[in-house]
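The residues making up each chain are set out below.
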Amino acid sequence: MPHTLGALQVAALLVSASYGIGLLFGSGEQALSHGMAGGIYGVATAAGMLLLALFARRLWSKGLPIWDVFAHAYGAGLQRPVALLSLVWMAGVLAAQIHGGVAVMQLLGLADLPGLTLVLTLLYGASRLDLRFAAGVFALCLSASALVLVYAIVSADGMGLYLRAVPEFMHDLSGFQPQQLWAILLAVSLLVCMGADYQQFVLAARTPWAAATGCALAAVILLAIGFLPSTLVVTMVEKGALGDVATAKQVVPLVLAQVAGTMGAGADTLMLVALSLAALGSGAAILRAMTDALVSAVPSGPFSRRQVLTIVALLLGASLAAREQGIVATMVSVNVVYIASIGVCFVALMMGVPLSKRHASAALTTGFLVSSGVQLAVWAGWTLDGADILALTVGLAASLAASMLLRWRAVRGWVRASGSSR
């Protein structure tokens, strides 16, 4: 990995990777029911950046993507499972882009099924475009939405609320159930530490100091921008200027379109098109990453063609989006499975605690089976309060127990062997 980025560049890239449909639409969606506490996604992401800064030096020194780090530490046999597990959380991000795209299509007048079909078709087409072009369109459209977002807050006299964002946020947190709050905080912040999309910028930093400083700067910036969607929604609600919203996912694109419409005829439609392109650009990038992971994992054969695997990845994201969860809730539900699977092995690596290949494999497998089992039970219709935090904590506990049990058995066997040799 070439080390070329300064601290400011690392921070800028980390922020750009975080400010997307999940933060923009997801925070607005939650603000409709939780007030300024809707900014919890941005706060959790910022907290994750601070955690990432703590071990950025160690991560930088390894200089490898997380699946290669696992392969180097625990053997090549774990490289493919970790790469495939990355599909789990990436599918949640893709589902968030699908949610956002469908919400915009609905505002443009399309019904649910035609809107979903069009979004999936456009995502597949966008994933075939040049990645730099798609990323450029995505960045341009999100930048336009950010400018309109700030303009909307200022024109609605919402800056006073924004300046009081932190105390208002703390007050409104009581609207969340404790298990729901902890699930969001842990699932989002820990994924920032363990997700390859964030780690790539740390690895590309010029020095370990630049990596750590860039993460800390990104945390500060994200705290500043993370409250913007919630401020806009709460301000509009207090003024009674929000109007009818068919679904909470539509609240931010609806308000942005309304504000853009005051700038000239057709500007509202142009704003919605820009937001849909932002969702498509981000979705195309994550879809390509999912396809790459599948290409590296699927044996050669008639079903290993890139076009087929892209459709498989797209359907995986669509199946998550079809569950009709909230945008943030969708990402959290799959983040916890990924974290519970690799969390114990990852922390062991960062702390310099050696695990054997067998122990690491047992920890990863057990964590995945337990956490995914909890989520599958919920998706099958079982009622479990706090399923996300349960899947995370029980999965991590099972993963740690499996590793410790094998270590205890190995030590016991060594002691017995030593005793018999005497």
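What comes next is a walk through the structure. Here the structure is a predicted model, which is why all the values come from computation and not from measurement.

Calculation rules
- In this convention, every chain numbers its residues from 1, walking through the sequence in written order.
- Owing to the predicted nature of the model, reporting of local features is limited to residues with pLDDT of at least 70; listing and counting of side-chain atom pairs is limited to 80 or more, with chain, interface and lining totals taken over all residues.
- As a rule here, side-chain values come from all non-hydrogen atoms in the structure, and water together with hydrogens is ignored.
- Where helices and strands are cited, they refer to DSSP runs of H or I of at least four residues and of E of at least two residues respectively, numbered from the N terminus.
- Throughout, radius of gyration means the C-alpha value; the globule benchmark is 2.2 Å times the number of residues raised to the power 0.38.
- Exposure categories follow from relative accessible area, calculated using a 1.4 Å probe and restricted to protein chains: below 20% of the type maximum is buried, above 50% is exposed, and the middle band is partly exposed.
- By definition in these notes, contact holds between two residues if any of their heavy atoms fall within 4.5 Å.
- All accessibility values rest on the Shrake-Rupley procedure with a 1.4 Å probe; residue burial counts only the protein chains present in the view.
- Each axis is a line fitted through C-alpha atoms, and for a helix only the stretch in contact is used; angles between axes span 0 to 180 degrees, taken between their N-to-C directions.
- If an angle is under 35 degrees, it is roughly parallel; if it is over 145, roughly antiparallel; if it lies from 65 to 115, roughly perpendicular; otherwise it is oblique.
- Each crossing gets its handedness from the near helix: less than a right angle anticlockwise from the far helix is left-handed, clockwise is right-handed.
- Without a salt bridge and with relative accessible area above 30%, a residue can belong to a patch; like charges are then joined within 9 Å and nonpolar side chains (Val, Leu, Ile, Met, Phe, Trp, Tyr) within 5 Å.
- By convention in these notes, a salt bridge is any Lys or Arg side-chain nitrogen within 4 Å of a carboxyl oxygen on Asp or Glu.
- The span one expects for a helix is its residue count, reduced by one, times 1.5 Å.
- Whenever a pair of cysteine sulfur atoms sits within 2.5 Å, that pair is classed as a disulfide.
- The definition of a nonpolar core used throughout is a set of buried Ala, Val, Leu, Ile, Met, Phe, Trp, Tyr and Cys residues joined through side-chain atoms within 4.5 Å.
- For this analysis, a ring pair means two rings from Phe, Tyr or Trp (six-membered ring only for Trp) whose centres lie within 6.5 Å, classed as stacked if their planes differ by under 30 degrees, edge-to-face if by over 60, and tilted for the remaining angles.

**Structural notes on the overall build of the protein chain**
Then, in step 1: Assigned secondary structure in the protein chain consists of 20 helices and zero strands.
Then, in step 2: In terms of C-alpha radius of gyration, the protein chain reaches 22 Å, essentially the compact-globule figure of 22 Å for 422 residues.
Then, in step 3: For the protein chain, buried positions account for 53% of its 422 residues.
Then, in step 4: Taking as baseline every contact in the protein chain between residues at least 6 positions apart, the subset at least 24 positions apart corresponds to 82%.
Then, in step 5: Summed over its atoms, the accessible surface of the protein chain is roughly 18,200 Å², and 67% of this surface lies on carbon and sulfur atoms.

**Points about the environment of Asp157**
Then, in step 1: Take Asp157: it is sitting in the loop between α8 (131-155) and α9 (159-163).
Then, in step 2: Through-space distance from the C-alpha of Asp157 to that of Lys239 is 9.9 Å; in sequence the pair is 82 residues apart.

**Focus: the side chain of Thr235**
Then, in step 1: Mapped onto the secondary structure, Thr235 falls in helix α14 (residues 228-239).
Then, in step 2: Take Thr235: its relative accessible area is 5%, and that puts it in the buried class.
Then, in step 3: Once you skip the residues sitting within four places of it in the chain, Thr235 turns out to touch Ala156, Gly158 and Leu161.

**Topic: the packing of helix α7 (residues 112-127) against helix α17 (residues 306-321)**
Then, in step 1: One way to put it is that α7 packs onto α17 with a least axis distance of 11 Å and a crossing angle of 140°. Here α17 runs oblique to α7, going by the angle between their axes. For the pair α7 and α17, the crossing hand works out as right-handed. In this structure, α7 contributes Leu120, Leu123, Tyr124 and Ser127 to the contact, and α17 contributes Gln307, Thr310, Ile311, Leu314 and Ala318.

**Focus on the side chain of Ser399**
Then, in step 1: Among the structural elements, Ser399 can be located in helix α20 (residues 387-421).
Then, in step 2: On the basis of relative accessibility, which here comes to 0%, the residue Ser399 falls in the buried class.

**Brief notes about a nonpolar patch on the surface**
Then, in step 1: Residues Val150, Val154, Met159 and Leu163 make up a contiguous nonpolar surface patch of roughly 360 Å² in combined accessible area.
Then, in step 2: Where the nonpolar patch is concerned, the elements lending two or more residues are α8 and α9.
Then, in step 3: Position of Leu163 relative to the elements: it lies in helix α9.

**Here's the deal with helix α5 (residues 66-74)**
Then, in step 1: When we look at burial in α5, the residues that qualify are Ile66, Val69, Phe70, Ala71 and Tyr74.
Then, in step 2: Residues of α5 that are buried in the fold lie against α4 (56-62), α6 (79-107), α11 (178-194), α12 (196-203), α18 (327-351) and α19 (357-379).
Then, in step 3: Trailing α5 by a residue or two, Gly75 shows a phi angle of about 105°, which is positive.

**Points about α19**
Then, in step 1: If you check α19, its first and last C-alpha atoms are 33 Å apart, about what 23 residues at 1.5 Å a residue would give, namely 33 Å.
Then, in step 2: One or two steps after α19, the chain reaches Gly381, where phi turns positive at roughly 120°.

**Thoughts on the state of the cysteines**
Then, in step 1: In total, this model carries zero disulfides according to the counting rule given.
Then, in step 2: With no disulfide of its own, Cys345 lies closest to Cys193 among cysteine sulfurs, the gap being 16 Å.

**Comments concerning the nonpolar core**
Then, in step 1: Residues Phe70, Tyr74, Ile98 and Tyr338 are the most contacted members of the largest nonpolar core, which totals 141 residues.
Then, in step 2: It is α18 that provides the largest number of residues to this core, a total of 15 residues.

**As for the packing of aromatic side chains**
Then, in step 1: Applying the stated criterion to the full structure yields four aromatic pairs.
Then, in step 2: Note on Phe70 and Tyr74: the rings are 5.5 Å apart at their centroids and 75° apart in plane angle, and the pair reads as edge-to-face. Of this pair, Phe70 and Tyr74 both sit in helix α5, four residues apart, which is roughly one turn of that helix. Of the two residues examined, Phe70 and Tyr74, each falls in the buried class.
Then, in step 3: Taking 5.4 Å as the distance between ring centres and 65° as the angle between the ring planes, the aromatic pair formed by Phe169 and Phe227 counts as edge-to-face. Here the residue Phe169 occupies a position in helix α10 (residues 165-172), and Phe227 occupies one in the loop between α13 (208-225) and α14, the gap between them amounting to 58 residues.

**Looking at the pattern of salt bridges**
Then, in step 1: Overall, the coordinates contain two salt bridges when judged by the stated rule.
Then, in step 2: Lys249 is the salt-bridge partner of Glu29, the closest N and O atoms lying 3.8 Å from each other. Separated by 220 residues along the polypeptide, Glu29 in helix α2 (residues 21-34) and Lys249 in the loop between α14 and α15 (251-261) bring together distant segments of the chain.
Then, in step 3: Judged by relative accessible area, Glu29 falls into the buried class, the value being 12%.
Then, in step 4: For Glu168, the salt bridge is made with Arg164, and the minimal N-O distance between the two is 3.7 Å.
Then, in step 5: Under the relative-accessibility criterion, Glu168 is labelled partly exposed at 27%.

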